[in-house]
Amino acid sequence: MMHNPMAYLANQAYRGTATTVPPLKAVSMLLGGSVTFLQKSLAAQEARRFEEGHEYLLKATAILRGLSHNLDFTKGGVVAERLFQTYNSLIVASHRAFGRPRARESFRRIIAAVTELREAWEYVDTTVRAGKTAPADSARTG
């Protein structure tokens, strides 16, 4: 049994998702969950329910931490390293912003960044499932 119940729940979620959902779809779903928890954390903070907000923050960052720890640096190379840095930067920024006077602005930027990551993974998933390869210089459209 794990000592940290949050880590145990996150681990169970990853295992369940890994066995029922394609990997690329799972990443976008997990990032979507992180966005939802960040939004709930912000709402709870604004309602001055800081304990509840902190619990949601921990859930959101547990997802990001799980994603960062499951990167394959051998296959992913520089992209995996950059994603690792991005996930960790988002985690640190979230914890620094929590409960601060400008939490709303900070959380909105963080939520926008995680949303952009989710949309990028959704684009990759759609491209792979369609059997297409994206041009090297293509950017996400829309």
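Residues numbered from 1 in each chain as written. Predicted model: local features only at pLDDT ≥ 70, side-chain atom pairs only at ≥ 80, totals over all residues. Heavy atoms only, no water.

Draft legend 1. Local environment of the nonpolar core. In terms of nonpolar packing, the biggest core is built from 26 residues, with Leu31, Leu38, Leu67, Tyr87, Phe107 and Val114 touching the most fellow members. Contributing elements (two or more residues each) for this core: helix 2 (23-46), helix 3 (50-69), helix 4 (73-97) and helix 5 (103-129). For this core, the element with the highest residue contribution is helix 5, accounting for 7 residues. Sequence-distant contacts of Val114, that is, excluding residues within four places in its chain, are made with Leu31, Ser34, Val35, Leu38 and Leu90. (Core = buried A, V, L, I, M, F, W, Y, C linked by side-chain atoms within 4.5 Å. Buried < 20%, exposed > 50% of the residue type's maximum accessible area, 1.4 Å probe, protein only. Helix = DSSP H or I, 4+ residues; strand = E, 2+ residues; numbered from the N terminus. Contact = heavy atoms within 4.5 Å.)

Draft legend 2. Seen up close, the environment of Glu51. Position of Glu51 relative to the elements: it lies in helix 3. Sequence separation of Glu51 and Ser41 is 10 residues, and the distance between their C-alpha atoms is 9.4 Å.

Draft legend 3. The arrangement of a nonpolar patch on the surface in detail. Where nonpolar side chains cluster on the molecular surface, the patch consists of Tyr123, Val124 and Val128 and spans about 240 Å² of accessible area. In this fold, Tyr123 is placed in helix 5. Judged by relative accessible area, which is 34%, Tyr123 ranks as partly exposed. (Patch = residues over 30% accessible without salt bridge, like charges linked within 9 Å, V, L, I, M, F, W, Y side chains within 5 Å. Areas by Shrake-Rupley, 256 points an atom, 1.4 Å probe, with all protein chains shown as cover. Salt bridge = Lys/Arg side-chain N within 4 Å of Asp/Glu carboxyl O.)

Draft legend 4. Molecular detail of unusual backbone geometry. Despite not being glycine, Arg48 has its phi angle at roughly 65°, a positive value. By the element assignment, Arg48 lies in the loop between helix 2 and helix 3.

Draft legend 5. Structural context of the packing of helix 3 against helix 4. Close contact between helix 3 and helix 4 brings their axes to 9 Å; oriented N to C, the two are set at 165°. When the axes of helix 3 and helix 4 are compared, the pair comes out roughly antiparallel. Crossing of helix 3 against helix 4: the hand is left-handed. Facing helix 3, whose interface residues are Leu57, Leu58, Thr61, Leu64, Arg65, Leu67, Ser68 and His69, helix 4 presents Phe84, Tyr87, Asn88, Leu90, Ile91, Ser94 and His95. In terms of residue class, the contact of helix 3 with helix 4 is made up of 8 nonpolar, 6 polar and 1 charged. (Axes fitted to C-alpha atoms, helices over the stretch in contact; angles between N-to-C directions. Parallel < 35°, antiparallel > 145°, perpendicular 65-115°, else oblique. Left-handed = near helix turned anticlockwise from the far one by under 90°. Nonpolar A, V, L, I, M, F, W, Y, C, P; charged D, E, K, R; others polar.)

Draft legend 6. Quick look at the confidence of the model for the protein. The share of residues in the protein with pLDDT of 70 or more is 85%, and the mean pLDDT across the chain is 88. In the predicted structure, residues 137-142 sits below a pLDDT of 50 and forms 4 contacts with residues beyond four places in sequence or in another chain. (pLDDT = per-residue confidence, 0-100.)

Draft legend 7. View of helix 3. The terminal C-alpha atoms of helix 3 lie 28 Å apart, and with 20 residues this matches the ideal 28 Å at 1.5 Å per residue to within 8%. Looking only at helix 3, the buried set comprises Gly53, Tyr56, Leu57, Ala60, Thr61, Ala62, Ile63, Leu64, Gly66, Leu67 and Ser68. (Expected span 1.5 Å × (residues − 1).)

Draft legend 8. Representation of the pattern of salt bridges in the model. What the rule picks out here adds up to 4 salt bridges. With its nearest N and O atoms 2.6 Å apart, the salt bridge here joins Glu46 to Arg104. With Glu46 in helix 2 and Arg104 in helix 5, this residue pair connects regions lying 58 residues apart in the sequence. Classification of Arg104 as partly exposed rests on a relative accessible area of 37%. We note a salt bridge from Arg118 to Glu122, for which the minimum N-O separation is 3.4 Å. Separated by 4 residues within a single helix, Arg118 and Glu122 lie in helix 5, roughly one turn from each other. Glu122 gets classed as partly exposed once you look at its relative accessible area, which sits at 33%.

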